[in-house]
Amino acid sequence: MSAAKISVAKKAVKYIEDKISKETVIGIGTGSTVNFFIQELCNLKHHFKGVVSSSNASSELLKEKSIEVFSLNDVNEVEFYIDGADEVTPENFLIKGGGGAHTREKIVAAASNEFICIVDKTKLVNKLGAFPLPVEVIPESRSMVARKITAMGGKPVYRNNFLTDQKNHILDIHDIDISDPARLEEILNNIPGVVDNGVFAKNKPQLVLISD
């Protein structure tokens, strides 16, 4: 599995290496595949300005590699956003959030000129939904949101002993219909107390790179 993740990390570095400059800011996602990408990115660290990171864990790893990390508020443009996924369909719809960072991931993806998703072949699916859909919620709203999602046919499970970087809770939703990802993404985000959910339909990647 690590060999597959390394291979797709190398593909991503090869894709961007001729497109970056000393002023380029790169968006960096979260997760094990992204960690391999960060390792590969070290070979280019003197060829771009720095990065915007979607999680505290990624920020720490980047800093260990002496790659400068900027706040999204402090940059005018993010050229590329590179991140993994928990599921990817042929239409490039995603489920993300197994690591609980999908809210910030979606923000950085939306702020970037090009979203590049890097995955191994095991993440490819015909339809989203086998992987539980993460929903980040304000703690005080958790039970109310869970009831509303249950009424929609989903089975929410509270992710015990876990806080997001924003100090919120995660509900992992099983058995919910994701045949229309864009509509479900919108419906869930309109529930009061939901911060964001792990369906990436509006902010789906322009490019998906897959391991050999």
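Just so it is clear, the structure is predicted and the values come from calculations on it, not from any experiment.

## Details of the pattern of salt bridges
With the rule as written, the count across this model stands at ten salt bridges. For lysine 11, the salt bridge goes to aspartate 212, with nearest N and O atoms at 3.0 Å. Taken together, the residues lysine 11 in helix α1 (residues 2–17) and aspartate 212 in the segment after β13 (207–210) connect sequence positions 201 residues apart. Look at lysine 11 and you get partly exposed, because its relative accessible area is 30%. Between glutamate 105 and lysine 96 there is a salt bridge; the shortest N-O distance is 3.2 Å. Considered together, glutamate 105 and lysine 96 belong to a single accessibility category, that of buried residues. By sharing partners, the salt bridges in this structure join Asp83, Lys96 and Glu105 into a single network.

## Here we look at the side chain of serine 7
Within the element layout of this structure, serine 7 appears in helix α1. Residue serine 7 is classed as buried on the basis of its relative accessible area, which comes to 16%. For serine 7, the residues in contact, after removing those within four places along its chain, are Ser211 and Asp212.

## Focus: the sheet that holds strand β6 (residues 94–95)
On the basis of which strands lie adjacent, the open sheet formed by three strands has the order β5-β6-β12 and antiparallel pairing. Edge strands, defined here as strands with exactly one partner in the open sheet, are β5 (87–88) and β12 (199–200). Pairing of β5 with β6, which is carried by two bridges, proceeds in the antiparallel orientation. Across the sheet, residue valine 88 finds its bridge partner in β6, namely leucine 94.

## Let's talk about the environment of valine 88
With respect to the helices and strands, the residue valine 88 is situated in strand β5. Residue valine 88 is classed as buried on the basis of its relative accessible area of 2%. Distance from valine 88 to leucine 124, taken between C-alpha atoms, is 5.0 Å for residues 36 residues apart in sequence. The contacts of valine 88, once residues within four sequence positions are left out, are Phe93, Leu94, Cys117, Val119, Lys123, Leu124, Val125 and Val208.

## Here we look at the environment of glutamate 87
Within the fold, glutamate 87 resides in strand β5. Under the relative-accessibility criterion, glutamate 87 is labelled buried at 4%. Along the primary structure glutamate 87 and phenylalanine 162 are separated by 75 residues, whereas in three dimensions their C-alpha atoms are 21 Å apart. Discounting residues that sit within four places of it in the chain, glutamate 87 has contacts with Phe93, Leu94, Ile95, Lys123, Val125, Lys127, Leu128, Gly129, Ala130 and Phe131. Engagement of the side chain of glutamate 87 in a polar contact is seen with the backbone nitrogen of alanine 130, the distance being 3.2 Å.

## So, unusual backbone geometry
Of note in the backbone geometry, serine 66 takes a positive phi value of approximately 60° without being a glycine. Structurally, the position occupied by serine 66 is in the loop between α3 (56–64) and β3 (69–70). Classification of serine 66 by relative accessible area gives exposed; the value is 60%. Backbone geometry places aspartate 175, a non-glycine residue, at a positive phi of 60°. Mapped onto the elements, aspartate 175 comes out in the loop between β10 (169–174) and α6 (181–189).

Definitions and cut-offs
Every chain begins its residue count from 1, and numbering advances along the sequence as written. Only residues with pLDDT of at least 70 are given local features in this predicted model, and only at 80 or more are side-chain atom pairs given and counted; all residues enter the totals for whole chains, interfaces and linings. Side-chain calculation: all heavy atoms of the structure are included, whereas hydrogens and water are not. Put simply, a salt bridge is a Lys or Arg side-chain nitrogen that is within 4 Å of an Asp or Glu carboxyl oxygen. A run of H or I in DSSP counts as a helix once it spans at least four residues, and a run of E counts as a strand once it spans at least two, with each numbered from the N terminus. A simple rule labels every residue: compare its accessible area, found with a 1.4 Å probe on the protein chains alone, to the largest value its type can have, and call it buried under 20%, exposed over 50%, or partly exposed in between. A contact between two residues is defined here by any heavy atoms of the two lying within 4.5 Å. Only strands joined by at least two bridges in the DSSP assignment are considered to pair. Pairs of N or O atoms within 3.5 Å make up the polar contacts considered here, provided that, within protein, one atom can donate a hydrogen while the other can accept it, and that residues adjacent in sequence are counted only when both atoms are side-chain atoms.

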